[in-house]
Amino acid sequence: MKLLVIGGGGREHALAWRLAQSPRVQKVFVAPGNGGTAQAEHLENVPLASIDELVDFARQESVAYTVVGPEAPLAAGVVDAFQAAGLKIFGPTKAAAQLESSKDYAKAFMIRHNIPTAAYKTFTDADQAKAYIRQQGAPIVVKADGLAAGKGVVVAATEDEALAAIDNMLCDASLGAAGARVVIEECLQGEEASFIVMCDRRQVLVLATSQDHKRLLDNDQGPNTGGMGAYSPAPIITPALHNRIMREVIHPTLQGMAKDGHPYTGFLYAGLMIGDGPDATRPLKVLEFNCRMGDPETQPILMRAKGDLATVFEHAVNGTLEEAELDWDRRTALGVVMASAGYPQAPRTGDVITSLPADTEDCVVFHAGTALHDDGTLRTAGGRVLCVTALGDSVKRAQETAYNAVQQIRFEGAQYRRDIGWRALPHSH
Ligand code: AMP
Ligand code: GLY
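**Describing helix H12 (residues 395-408)**
Then step 1. Relative to the 20 Å expected for 14 residues at 1.5 Å per residue, H12 spans 20 Å between its end C-alpha atoms, a close match to the ideal helical length.
Then step 2. For H12, the set of buried residues is Val 395, Ala 398, Gln 399, Ala 402, Tyr 403, Ala 405 and Val 406. Summarising the axial view, the buried residues of H12 lie within an arc of 160°, below the 170-degree limit, and thus occupy one face.

**Description of the site of ligand 1**
Then step 1. Neighbouring residues of ligand 1: 14 residues in total, closest Glu 185, Leu 188, Glu 192, Lys 214 and Glu 288.
Then step 2. In this structure, Glu 186 approaches ligand 1 through a main-chain N or O atom, which is 2.9 Å from a nitrogen atom.
Then step 3. Separating an oxygen atom of ligand 1 from a side-chain N or O atom of Glu 192 is a distance of 2.4 Å.
Then step 4. Mapped by element, the contributors of at least two residues to the shell around ligand 1 are strand S7 (140-144), strand S8 (153-156), strand S9 (182-186) and strand S17 (284-290).
Then step 5. Residue classes in the shell around ligand 1 are distributed as seven nonpolar, no polar and seven charged.

**Re the environment of Val 352**
Then step 1. Mapped onto the elements, Val 352 comes out in the loop between strand S20 (332-339) and strand S21 (363-367).
Then step 2. Look at Val 352 and you get partly exposed, because its relative accessible area is 35%.
Then step 3. Val 352 sits 20 residues away from Leu 372 along the chain, and the two C-alpha atoms are 9.9 Å apart.
Then step 4. Beyond its immediate chain neighbours, meaning those up to four positions away, Val 352 contacts Leu 378, Arg 379, Arg 410 and Phe 411.

**Side note on the sheet that holds strand S1 (residues 2-7)**
Hydrogen bonds along the backbone pair up the strands of a sheet, which may run parallel or antiparallel.
Then step 1. One open sheet accounts for five strands, arranged S3-S2-S1-S4-S5; its pairing is parallel. Strand pairing shows two members of the sheet lacking a second neighbour, strand S3 (43-45) and strand S5 (89-90), which therefore form its edges.
Then step 2. In terms of strand pairing, strand S2 (residues 27-32) meets S3 through three bridges, oriented parallel. Note on S3: the bridge partner recorded for Val 28 is Leu 43.
Then step 3. Packed onto the sheet, helix H1 (residues 10-20) meets S1, S2, S3 and strand S4 (65-68) and runs at close to 170° relative to S1.
Then step 4. Its contacts with the sheet place helix H11 (residues 309-318) against S1, S4 and S5, and it is angled at close to 95° to S4.

What counts and what doesn't
Residues numbered from 1 in each chain as written. Chains lettered and ligands numbered in written order. Predicted model: local features only at pLDDT ≥ 70, side-chain atom pairs only at ≥ 80, totals over all residues. Heavy atoms only, no water. Helix = DSSP H or I, 4+ residues; strand = E, 2+ residues; numbered from the N terminus. Expected span 1.5 Å × (residues − 1). Buried < 20%, exposed > 50% of the residue type's maximum accessible area, 1.4 Å probe, protein only. Arc of directions from axis to C-beta. Near = heavy atom within 4 Å. Polar contact = N/O pair within 3.5 Å; in protein donor to acceptor, adjacent residues only side chain to side chain. Nonpolar A, V, L, I, M, F, W, Y, C, P; charged D, E, K, R; others polar. Contact = heavy atoms within 4.5 Å. Pairing = 2+ DSSP bridges. Axes fitted to C-alpha atoms, helices over the stretch in contact; angles between N-to-C directions.

Okay, here's the thing in structure tokens:
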């Protein structure tokens, strides 16, 4: 069968790479793809952008089903359009994708259905927002309501920072319509983890746990980014905590969506904040929902996935997820993002990338912002450029393999963290 993956980042390279390993898959089209998917066996980039073009293409090529990587096409209704055309696709409808595309929707939903999350209030008026910030004090978190490509959250250590975020979003409209409404919420403390499941309306298939590194610099310093590296599993999620997450977060969310008339299909990603204490009672709260897999979490998660992913997705789009089989490599997978000069504020593009090591069983270089030029050079084409992902018997071994490969790769101005996986090191042998 032929499949289509929508997107062009590291997450989509990893999805297409894993799907193409199925003996049942002839080809995976990637729209629009990147410099990595342009060169890989059984993958083919297709330069499609609009939903209409994607629908026409899937129909013409008799694509068996489509998998959506990023949030923007989901929020724009790509799943609704495919379903209206009688085409199979894995993802939530536009209405269900509001869990990610509107923070206010997600917060109101969680309160309505008793899903644990930080206390909050929503504002469109700057003076009222500022009065609330002064009343609550710092630290406090200001979030743009809409999709803002990772730039919409300000974790303010001081009142002045929070007030400046209000000026930016509500007064200067720096994020456009996405920031015309803001959610202001209580600042939570603890350790973050990503918990991602696949849903087909009735059944849930839980993916391996993971942890992202949001800050640009070592020791979690510097600005927030889309994610500078990730590893799987996240040792903080013990079996006891796993059960609590299913009981307190995942099941109530799926039941709530169904009750509200938006039965959920697709990936559901719960970004969690886990406080201190014994597993039975430690604070567990949802920071955010995403209606897709994470980037870069997908890269280490799929390095560990064993079995035929194409058949798993087929079950998901056919509503037979309970029959799907997915096992996980017991090893740790760890991905280090290499970003371009100037990322995240003003990424420089066009730098030549050389000395990429060949992929091996335990180390794969996933591409994100790369482009293969007509002259045969591979060049940077975005903020996050590569995610070098390795498997190891311990966190340390996975780190060694990943960083050995990272150190071989050359492009002008490359930035990467040296400490991906630091939180998991003490738990590993
Ligand atoms: P979000 O897009 O909502 O996940 O926010 C991005 C990042 O901001 C999260 O991964 C956290 O690191 C941080 N963050 C979001 N909400 C809170 C909160 N209520 N308390 C502390 N940190 C937060
Ligand atoms: N790495 C976080 C995200 O994909 O939202």
